[in-house]
Amino acid sequence: HTTNTYGSYDERGTSMDNYTDLNSRYTTQMYVDICKWANLSTTSVEAIEYYEEKFATTDEQDELKYMLGQALFNRALAYWHAQIFFEIEPDGWGFPIFDKVTGDLGTMKRARATVADTWEFVIKDLETTIPLLTGYHDHYRASEWAAKGLLAKVYMQSLYIFPENKAKAKTLMEDIINNSGKVLALP
């Protein structure tokens, strides 16, 4: 009940009315949390790659590829949330890109990338993710179909920057509809 939140939760009430002040702790905390999510995903990507290079046996290769796919999917999902919540203008600022774990204090504060660069980063991660998740069907983890679905959504949401992705989105959506075995509603 939104009427119960007014008075004691002013920031929450204005957020429910779609009028959020930039200084709202809910907005700033969401930004911080997405940065942490992206950074933790990047840490996972690097740790998996390091382990694979230094310690992995041939028996572990498939599992490591699957883990890498999960980490890349999570990073792409974090960036998708960032674009949805914080993208203001098509030619404006996107989100800081966490593509490597920082090794010193000087590089911990990342500059914001452009909106186009941020969407491009998400697309690249998802295109890399799909083959890594192909063949896995854990209902509680990202799958090939989840990655394809998110990529199709990203293609559509970034058409104002990359209009050439419309055909790619259509192809992915047809693949999901025709080959995933998933249905939108039960008969």
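Relevant structure appears above.
Residues numbered from 1 in each chain as written. Predicted model: local features only at pLDDT ≥ 70, side-chain atom pairs only at ≥ 80, totals over all residues. Heavy atoms only, no water.

> Honestly, the overall build of the protein chain in this entry has me stumped. Any pointers?
Looking only at helices and strands, one finds six helices and two strands in the protein chain. Helices (α) and strands (β) of the protein chain occur, in sequence order from the N terminus, as α-α-α-β-β-α-α-α. Expressed as a percentage of the 187 residues in the protein chain, the buried residues total 35%. Considering only intrachain contacts with a sequence separation of at least 6, the fraction spanning at least 24 residues in the protein chain is 59%. Here the protein chain has roughly 12,100 Å² of accessible surface; of this, 57% comes from carbon and sulfur atoms. (Helix = DSSP H or I, 4+ residues; strand = E, 2+ residues; numbered from the N terminus. Buried < 20%, exposed > 50% of the residue type's maximum accessible area, 1.4 Å probe, protein only. Contact = heavy atoms within 4.5 Å. Areas by Shrake-Rupley, 256 points an atom, 1.4 Å probe, with all protein chains shown as cover.)

> Hey, could you run me through helix 4 (residues 115–133) in this one?
Within an α-helix, residues lying three or four positions from one another point in the same direction, as the helix has 3.6 residues per turn. For helix 4, spanning 19 residues, the distance from its first C-alpha to its last is 27 Å, which sits close to the expected 27 Å at 1.5 Å a residue. Among the residues of helix 4, those classed as buried are Val-115, Thr-118, Trp-119, Phe-121, Val-122, Ile-123, Asp-125, Leu-126, Thr-129, Ile-130, Leu-132 and Leu-133. Looking at the buried positions of helix 4, the neighbouring elements they touch are helix 3 (61–86), strand 1 (93–96), strand 2 (112–114) and helix 5 (144–157). The positive-phi residue at the C-terminal boundary of helix 4 is Gly-135, with phi of around 95 degrees. (Expected span 1.5 Å × (residues − 1).)

> When you look at the packing of helix 5 against helix 6 (residues 166–179) in this model, what are you seeing that I'm missing?
A pair of packed helices can be characterised by two numbers: the angle between their axes and the separation between those axes. Packing of helix 5 against helix 6 leaves a shortest axis separation of 9 Å and a crossing angle of 150 degrees. Looking at the two axes, helix 5 sits roughly antiparallel to helix 6. As helix 5 packs across helix 6, the resulting crossing turns out to be left-handed. Together, Trp-145, Lys-148, Gly-149, Leu-151, Ala-152, Tyr-155 and Met-156 of helix 5 and Lys-168, Ala-169, Leu-172, Met-173, Asp-175, Ile-176 and Asn-179 of helix 6 make up the contact between the two elements. Counted by class, the contact of helix 5 with helix 6 contains nine nonpolar, two polar and three charged residues. (Axes fitted to C-alpha atoms, helices over the stretch in contact; angles between N-to-C directions. Parallel < 35°, antiparallel > 145°, perpendicular 65-115°, else oblique. Left-handed = near helix turned anticlockwise from the far one by under 90°. Nonpolar A, V, L, I, M, F, W, Y, C, P; charged D, E, K, R; others polar.)

> Explanation requested: the pattern of salt bridges in the structure shown.
Pairing between side chains becomes possible if they bear opposite charge and their charged atoms approach one another. Overall, the coordinates contain seven salt bridges when judged by the stated rule. Here Asp-125 and Arg-75 are joined by a salt bridge, their closest N and O atoms 2.6 Å apart. Taken together, the residues span a long stretch of sequence, with Asp-125 in helix 4 and Arg-75 in helix 3 at a distance of 50 residues. Judged by its relative accessible area of 3%, Asp-125 falls in the buried class. For Lys-170, the salt bridge is made with Glu-174, and the minimal N-O distance between the two is 3.5 Å. Here the residue Lys-170 and the residue Glu-174 both occupy positions in helix 6, the gap between them amounting to four residues, near one helical turn. (Salt bridge = Lys/Arg side-chain N within 4 Å of Asp/Glu carboxyl O.)

> Can you help me understand the packing of aromatic side chains in this one?
Tallied over the full model, the rule gives eight aromatic pairs. Judged by centre distance (6.0 Å) and plane angle (70 degrees), the rings of Tyr-50 and Phe-55 are edge-to-face. Consider the rings of Tyr-79 and Phe-95, whose centres lie 5.8 Å apart with planes at 90 degrees: the pair is edge-to-face. In this pair, Tyr-79 is assigned in helix 3 and Phe-95 in strand 1, connecting sequence segments 16 residues apart. Taking relative accessible area as the criterion, Phe-95 reaches 1% and is therefore assigned buried. (Phe/Tyr/Trp six-rings, centres within 6.5 Å; stacked < 30°, edge-to-face > 60°.)

Geometric values such as these leave the question of function open.
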